[in-house]
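Structural overview for review
The primary structure of each chain is shown beneath.
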Amino acid sequence: MIRELHEKLKNQKITAVKLTQDYFEKIKKTDPKIQAFLTLTEDLALKEAKLVDKKIKRGEEIDLLAGIPGAIKDNICVANVRTTAASKILDNYIAPDDATVIDRLKKSQAIILGKTNLDEFAMGSSTENSAYGPTRNPLDNERVVGGSSGGSAAAVAAGEAVWSLGSDTGGSIRQPASFCGVVGLKPTYGRVSRSGLIAMASSLDQIGPLANSVEDCAIVLSRIAGEDLLDATAAQSANKRYEDYLNGDIAGKKIGVPTEYLDGLDPEIRKIFDKSLEKFESLGAKIKLVSLPHTQYALATYYMIMPSEVSSNLARFDGVKFGLRINDKKDDVEENSENVNRSLLETYMDTRHYGFGREVKKRIMLGTFALSSGYYDAYYLKAQKIRTLIKKDFQEVLEKVDYIYTPTTPEIAFKLGEKTQDPLQMYLSDIYTITANLAGVPAISFPIGSIKAGEKNMPLGGQLMGKWFDEEGILNAAHSYEIN
Ligand code: GLN
């Protein structure tokens, strides 16, 4: 789609301004129902679109992504634009700077339509944890979009944006991509700079693209990836034009299917998955059963490491440095009252009490406990050791096969409210996606079928995981699947 729009722009069949306006019109029509966006950046978008049109008129070269409208998850900073992370604590926060990925998108002259909804601070699997209300699945408004990058997935699925950026700490790009029938890529840890991403769990977070096709994801990734002085974990490995690697040929490639992921799989999902394996075989790939023996510990490991990092990262939201500050609640009591001079501690406590939602508070408390003296070795350190074993599983298997293939999710999009009272069921939604974050490998979700649910057909994604920094490999394999 990006290539086609690019040709139209270049040949002056459409202007970037008109294209951008069309998308805003679509958003205004569709978004009141699904609520993918938290903030629209119309001025910013149209200003850039005008610059692109001028360039085209002058006959200058433009980048493939120039003039193409996209949406940004609202935990990624865009300078001078409200950035909330879907939390009340950042309700009035205006980002002073661009995240590195935004800086790069602006250099490409991509159009930024606005900021999309998410679970508060990216904690959740349904976007129901947003302080601004849930996003609804465009394919069935009674169902969730997945999360936490739910707004970014919904915007693309509803045709409100051509591409979007999400962040993925335990599946937050891939799970909503699967629920909405779009493509989503979590790059290798370190492939994309995290500078300007509001941190959730720093050793797991990665920014990545969502779009309607694998090629579009590749095009966006090429523009945001690469080394960055502002993020020491952004790898120095050379960045690539990933779209140039999509030759559609996977003959002879070895695809490993981990048996642990098939145990107890829903029979309808199993059917779709088996069919997709046949398709890979018909394209010349070799399917091999493999084992990732520590998979059973992945969820527990993730829910120890992630909250520990969350509790540390979110300590900065204290009513002093960023966003909300509650220090005047009791000020209207009479003058000599002991409440007039509120202590700093009270400001911290009231700000955090009022500003954070339930899920966020729960994770901060869990993480603080896991890191506290006397428990650190038993919980956090142990989880780190198991993480190493999980990574080793991947290392061993990826020596024998080129890619690892699984369903992205154990289910299709569930109904709104279905799991809000049952955290374990909610957490299990990421059972197939968190291992890629723990191991740091790249992983892509792409549509492989759909299941009839009531009146609607709800999509399901397949997930390809690859060797560290082999984004071109999984993109090409998913692209081959998509075009055949
Ligand atoms: N759903 C997972 C969680 O709640 C993953 C979130 C994410 O990837 N940001 O932790």
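Look up: the structure comes first, before these words.
The structure displayed is predicted, hence computed values, not measured ones.

On to a nonpolar patch on the surface, then. Nonpolar side chains collect at one region of the surface, where Phe 369, Tyr 375 and Tyr 379 lie side by side and expose about 280 Å² of accessible area between them. Positionally, Tyr 375 belongs in the loop between α11 (358-371) and α12 (377-400).

In spatial order, the strands read β1-β3-β2-β6-β8-β7-β12-β13-β11-β9-β10; together these eleven strands make up an open sheet with mixed pairing. Each end of this open sheet is capped by a strand with a single partner; those strands are β1 (37-40) and β10 (286-290). With direction set aside, neighbouring strand axes in the sheet form an average angle of 30 degrees. Summarising the sheet, strand β9 (residues 254-258) and β10 pair through five bridges and their orientation is parallel. Paired with Val 257 across the strands is Leu 289, a residue of β10. Together, β1 and β3 (111-116) form the strand contacts of helix α3 (residues 42-57), whose direction differs from that of β3 by roughly 165 degrees.

Before going further, it helps to examine the pattern of salt bridges. Evaluated as defined, the whole model comprises 23 salt bridges. For Arg 223, the salt bridge is made with Asp 63, and the minimal N-O distance between the two is 2.7 Å. Of the two residues, Arg 223 sits in helix α7 (residues 214-224) while Asp 63 sits in the loop between α3 and β2 (69-73), which places them 160 residues apart along the sequence. Between Glu 359 and Lys 362 there is a salt bridge, with the nearest N and O atoms lying 3.2 Å from each other. Residue Glu 359 and its partner Lys 362 are both found in helix α11; the two are separated by three residues, about one turn of the helix.

Structurally, Thr 41 is set in the loop between β1 and α3. Taking the relative accessible area as the measure of exposure, Thr 41 reaches 7% and is therefore buried. Among the polar contacts made by the side chain of Thr 41, one reaches the main-chain amide nitrogen of Gly 114 at a distance of 3.3 Å. Ignoring any residue separated from it by four or fewer positions in sequence, one finds Thr 41 in contact with Phe 24, Val 81, Ile 112, Leu 113 and Gly 114.

Two quantities define a packed helix pair, namely the angle between the axes and the distance from one axis to the other. It is at 7 Å that the axes of helix α2 (residues 16-34) and α3 come closest, and there the two elements cross at 155 degrees. By the angle between their directions, the pair α2 and α3 is classed as roughly antiparallel. Contacts between α2 and α3 involve Ala 16, Val 17, Thr 20, Gln 21, Phe 24 and Lys 28 from the former and Glu 42, Ala 45, Leu 46, Ala 49, Lys 50, Val 52 and Asp 53 from the latter.

This part takes up the site of the ligand. By nearness alone, 16 residues border the ligand, and Thr 169, Gly 170, Ser 172, Tyr 302 and Asp 430 come closest of all. Between an oxygen atom of the ligand and a side-chain N or O atom of Tyr 302, the distance comes to 2.6 Å. Arg 363 has a polar side-chain atom sitting 2.8 Å from an oxygen atom of the ligand. Out of a free accessible area of 300 Å², the ligand has 100% covered by protein chains. Counting residues per element, the shell around the ligand draws most heavily on helix α9 (residues 298-313), at three residues. A class-by-class count of the residues in the shell around the ligand yields six nonpolar, seven polar and three charged.

A separate point is the environment of Leu 113. Counting through the fold element by element, Leu 113 comes out in strand β3. Sequence-distant contacts of Leu 113, defined by excluding residues within four places in its chain, comprise Thr 20, Tyr 23, Phe 24, Ile 27, Phe 37, Thr 39, Leu 40, Thr 41, Pro 69, Gly 70, Glu 160 and Ala 161.

Now for helix α4 (residues 100-107). Since the α-helix advances by 3.6 residues per turn, residues separated by three or four positions end up pointing in the same direction. Three or more residues of α4 are buried, namely Thr 100, Val 101, Ile 102, Arg 104 and Leu 105. Summarising the contacts, the buried residues of α4 are in contact with β2, β3, β6 (163-168), β8 (206-211) and α7. Looking one or two places after α4, you find Gln 109, whose phi comes out positive at around 65 degrees.

According to the stated counting rule, one finds 18 aromatic pairs in the structure shown. Ring centres of Phe 369 and Tyr 379 lie 5.9 Å apart, and the angle between their planes is 45 degrees; on these two criteria the pair is classed as tilted. Separated by ten residues along the polypeptide, Phe 369 in helix α11 and Tyr 379 in helix α12 bring together distant segments of the chain. Site record: aromatic cluster; members linked through ring pairs are Tyr 93, Phe 121, Phe 317, Phe 322 and Phe 356. The aromatic ring of Tyr 354 is capped on one face by Lys 88, whose charged end is 4.4 Å from the ring centroid. Across from the ring centre of Phe 414, 4.5 Å away, lies the NZ or CZ of Lys 419, which sits over that ring.

Our focus in this paragraph is the pairing of strand β13 (residues 456-466). Walk down a regular strand and you will see the side chains alternate between the two sheet faces. Extensive coverage of β13 is indicated by the burial of nine of its eleven residues. Here ten bridges tie strand β12 (residues 443-453) to β13, and the two strands are oriented antiparallel to one another. Across the sheet, the residue bridging to Ala 443 is Met 465, located in β13. Between the antiparallel neighbours β12 and β13 lie two residues, among them Gly 454 with a positive phi of about 65 degrees.

With that settled, the discussion passes to the nonpolar core. Soluble globular proteins: nonpolar side chains tend toward being buried together. In this structure, Phe 121, Trp 163, Leu 165, Phe 394, Ile 444, Phe 446 and Leu 464 are the most contacted members of the largest nonpolar core, which totals 150 residues. Among the elements that line this core, the one with the most residues is α9, at eight residues.

Quick look at the packing of α9 against α11 now. Close contact between α9 and α11 brings their axes to 7 Å; oriented N to C, the two are set at 100 degrees. In terms of axis orientation, α9 runs roughly perpendicular to α11. Between α9, through Tyr 303, Met 304, Met 306, Pro 307, Ser 308, Val 310 and Ser 311, and α11, the contact on the second element is made entirely by Arg 363, Ile 364, Leu 366, Gly 367, Thr 368, Ala 370 and Leu 371. For the contact of α9 with α11, the per-class residue count stands at nine nonpolar, four polar and one charged.

Criteria and thresholds
Residues numbered from 1 in each chain as written. Predicted model: local features only at pLDDT ≥ 70, side-chain atom pairs only at ≥ 80, totals over all residues. Heavy atoms only, no water. Patch = residues over 30% accessible without salt bridge, like charges linked within 9 Å, V, L, I, M, F, W, Y side chains within 5 Å. Areas by Shrake-Rupley, 256 points an atom, 1.4 Å probe, with all protein chains shown as cover. Salt bridge = Lys/Arg side-chain N within 4 Å of Asp/Glu carboxyl O. Helix = DSSP H or I, 4+ residues; strand = E, 2+ residues; numbered from the N terminus. Pairing = 2+ DSSP bridges. Axes fitted to C-alpha atoms, helices over the stretch in contact; angles between N-to-C directions. Contact = heavy atoms within 4.5 Å. Buried < 20%, exposed > 50% of the residue type's maximum accessible area, 1.4 Å probe, protein only. Polar contact = N/O pair within 3.5 Å; in protein donor to acceptor, adjacent residues only side chain to side chain. Parallel < 35°, antiparallel > 145°, perpendicular 65-115°, else oblique. Near = heavy atom within 4 Å. Nonpolar A, V, L, I, M, F, W, Y, C, P; charged D, E, K, R; others polar. Phe/Tyr/Trp six-rings, centres within 6.5 Å; stacked < 30°, edge-to-face > 60°. Lys NZ or Arg CZ within 6 Å of the ring centre and 35° of its normal. Core = buried A, V, L, I, M, F, W, Y, C linked by side-chain atoms within 4.5 Å.

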